[in-house]
Amino acid sequence: MSTPKDQKSNSSNQGAIHDSELRPKKWDEYIGQEHIKKNLNILIGAAKEREHTPEHLLFYGPPGLGKTTLAHLIAHHTNSQIKITSGPAIEKVGDLASILTNLSTGDILFIDEIHRLNKSVEEVLYPAMESGVIDIIIGKGPSARTVQLELPSFTLIAATTKLAMISSPLRSRFSGGIFKLEFYTEEEISKIVTQSANKLNVDISLEAANNLAKRSRSTPRTANYLLRRARDIAQMGKKTLDEDVVKETLELIGVDEKGLSKIDNDILRIIHENFNNGPVGLGTLATSLSEESATIEEFHEPYLIQLGFIERTSRGRVLTNKGEEYIKKIK
């Protein structure tokens, strides 16, 4: 185990480690999503044998499950340069044209939140993905003309949290496959926490790693956030990162035994107490909590639904029997 002196000497190195440096650099470091990894290994291996770039890929699922990490791993495994952007950042057709024409052969273009591309930009992407060309309009009015530019061979990897918002024509062009990332098991999260702790030069007990895993909402990004905060408390108290430190951390940041935050519990409590277990509309619920509807819908609700505490119905949100039992228990 590291002593307080060791922890102090490593503090500058720990502070320099960001989320990107906690990402796995090799396939055997990427824990979980076994089905996706098997498919990708075959796809990449076959492309290498043909001396082609891998086909276009789309990853979807809730935030924090490793979509960006998979893109980086594919780039590393194929010795490719990766260029990263996002749907909201590509505002105009010219923005996309500039990105595509600056790619080199074999590059990977990663577009996060691709569901937020506007329609005109999306239509320019179709021929780029399908035929490796881009059509650029030069001039305006009657004198305008279209010039077709050939693009170097590249792989588009896209990520989204909202697959249904991607149009059918765009989805159909991901010839390499569309893959859904699943939530992680507690055992997988515990291994991820231990692996991240090693990269942070922090000793962590198995019990502490398991406890963090239970509170992580089945999400690696959340687990790494909790680990960092526990690391901070251990460092400031000159302690080893054990289960007592984890309990202190979780109590301080307001995460309960199910991984629920204060707002999560407030959602359950308001549906139960103010609306007699529902149904209640999203807008009304958001107003009661002084929160934005999108924040509740995209961040808080998915995990509450996964736990079986609430249900979405045509009339609004409803507290389940399981959710009612839980909120009565923690009152």
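Further up the page is the structure itself.
These notes cover the structure that comes with them. Model, not experiment: these values are computed from the prediction. (Residues numbered from 1 in each chain as written. Predicted model: local features only at pLDDT ≥ 70, side-chain atom pairs only at ≥ 80, totals over all residues. Heavy atoms only, no water.)

1. Structural notes on the overall build of the protein chain
Short version of the rule: Secondary structure is summarised from DSSP: a helix means a run of H or I of at least four residues, a strand means a run of E of at least two, and numbering begins at the N terminus for each. Buried residues are those whose accessible area, probed at 1.4 Å on protein chains only, stays under 20% of the maximum for their type, while exposed residues exceed 50% and partly exposed ones sit between those limits. Residues count as neighbours in contact if any of their non-hydrogen atoms are within 4.5 Å of one another. Note that accessible areas follow from Shrake-Rupley with a 1.4 Å probe, and for residues the cover is restricted to the protein chains shown. Only four residue types enter the charge count, namely Lys and Arg as positive and Asp and Glu as negative; His and the chain termini do not. By convention, the charge on Lys lies at NZ, on Arg at CZ, on Asp at CG and on Glu at CD.
Check the secondary structure of the protein chain and you find 15 helices and nine strands. Projecting the C-alpha coordinates of the protein chain onto the three principal axes gives extents of approximately 70 × 55 × 35 Å. When the 331 residues of the protein chain are sorted by exposure, 46% land in the buried category. Partitioning the intrachain contacts of the protein chain with sequence separation of at least 6 by distance along the chain shows that 70% fall at a separation of at least 24. When the accessible area of the protein chain is evaluated, it comes to approximately 17,000 Å², of which 49% is carbon and sulfur surface. Separation between the mean location of the 42 positive side-chain charges and that of the 44 negative ones in the protein chain comes to 1 Å.

2. Structural notes on the packing of aromatic side chains
Rules: Only centres within 6.5 Å qualify two rings of Phe, Tyr or Trp (six-membered ring in Trp) as a pair; their planes then separate them into stacked at under 30 degrees, edge-to-face at over 60, and tilted for everything else. Our definition puts a charge over a ring when NZ of Lys or CZ of Arg is within 6 Å of the ring centre and also within 35 degrees of the ring normal.
Counted by the stated rule, this structure contains two aromatic pairs. Relative to Y326, the ring of F309 lies with its centre 4.8 Å away and its plane at 25°, an arrangement referred to as stacked. Here F309 is found in the loop between α14 (293–306) and β8 (310–313), whereas its partner Y326 is found in helix α15 (residues 321–330), with 17 residues between them in sequence. Judged by relative accessible area, Y326 falls into the buried class, the value being 5%. Positioned above the aromatic ring of Y126, the side-chain terminus of R173 is 4.3 Å from the ring centre.

3. A few points about the pattern of salt bridges
Test applied: Note on definitions: salt bridges are taken to be side-chain nitrogens of Lys or Arg within 4 Å of carboxyl oxygens of Asp or Glu.
This structure, assessed with the given rule, holds 18 salt bridges. Linking E187 and K191 is a salt bridge whose minimum nitrogen-to-oxygen distance equals 3.8 Å. Of the two residues, E187 and K191 both sit in helix α8 (residues 186–199), four residues apart, roughly one turn of that helix. On the accessibility criterion, K191 (47% relative accessible area) is partly exposed. It is possible to trace a salt-bridge network through shared partners that takes in K262, D266, R269 and E273.

4. Let's talk about the packing of helix α12 (residues 262–273) against α15
Under the convention used in this document: For every element, the axis is a line fit to its C-alpha atoms; helices are fit only across the contacting stretch, and the angle between N-to-C directions ranges from 0 to 180 degrees. An angle counts as roughly parallel when it lies under 35 degrees, as roughly antiparallel when it exceeds 145, as roughly perpendicular when it falls between 65 and 115, and as oblique in every other case. Gly is put with the polar residues, along with every residue not named as nonpolar or charged; the nonpolar set is Ala, Val, Leu, Ile, Met, Phe, Trp, Tyr, Cys and Pro, and the charged set is Asp, Glu, Lys and Arg.
Relative orientation of the contacting elements α12 and α15 amounts to 105°, with a least axis distance of 10 Å. Compared by their axis directions, α12 and α15 come out roughly perpendicular. Of the residues in α15, those in contact with N265, L268, R269 and H272 of α12 are E324, Y326, I327, K328 and I330. Tallied by class, residues from the contact of α12 with α15 come to four nonpolar, two polar and three charged.

5. Describing the sheet that holds strand β6 (residues 155–160)
The condition is simple: For two strands to be treated as a pair, DSSP must find at least two bridges joining them.
Read from one edge to the other, the open sheet built from five strands follows the order β2-β3-β6-β1-β7, with strand pairing classed as parallel. Both edges of this open sheet fall to β2 (82–86) and β7 (177–180), since each of them pairs with a single strand only. The mean inter-strand angle of the sheet, taken between neighbouring strand axes irrespective of direction, is 15°.

6. A few points about the layout of surface pockets
Condition: Only protein atoms enter the calculation, which uses a 1 Å grid: trapped sets of points that fit a 1.4 Å probe without letting it out are cavities, open sets showing protein on both sides within 12 Å along at least five of seven lines are pockets, and any residue with an atom within 4 Å of a point is a lining residue. Grid points are joined across faces, edges and corners, and a volume is the space filled by probe spheres set on the points.
Quantified by volume, the largest pocket comes out at close to 680 Å³. Lining the largest pocket are 31 residues, and of these G64, L65, G66, T69 and R221 sit closest to its centre. Elements with a minimum of two residues in the lining of the largest pocket: α2 (19–22), α4 (67–77), α8 and α10 (220–236). Among the elements that take part in the lining of the largest pocket, α10 stands out by supplying five residues, more than any other.

7. Overview of the nonpolar core
Counted only if it meets this: Here, the term nonpolar core denotes a set of buried Ala, Val, Leu, Ile, Met, Phe, Trp, Tyr and Cys residues that are joined through side-chain atoms within 4.5 Å.
Counting residues in hydrophobic clusters, the biggest one holds 45 residues, and the most contacted among them are L40, F59, I74, I204 and L241. A per-element tally of this core places α10 first, with six residues. Not counting residues up to four positions away in its chain, the partners in contact with L40 are W27, L57, F59, L70, I74 and F179. Ranked by size, the runner-up nonpolar core spans 24 residues in total, among them L96, L117, V124 and M129.

8. Examining helix α13 (residues 282–289)
Note the following rule: Relevant arc is that of directions from the helix axis to the C-beta atoms, nothing else.
Taken as a whole, α13 has its buried residues at L282, L285, A286 and L289. All buried residues of α13 fall inside an arc of 100° around its axis, so they share one side. Immediately downstream of α13, the backbone of S290 shows phi near 55°, a positive value.

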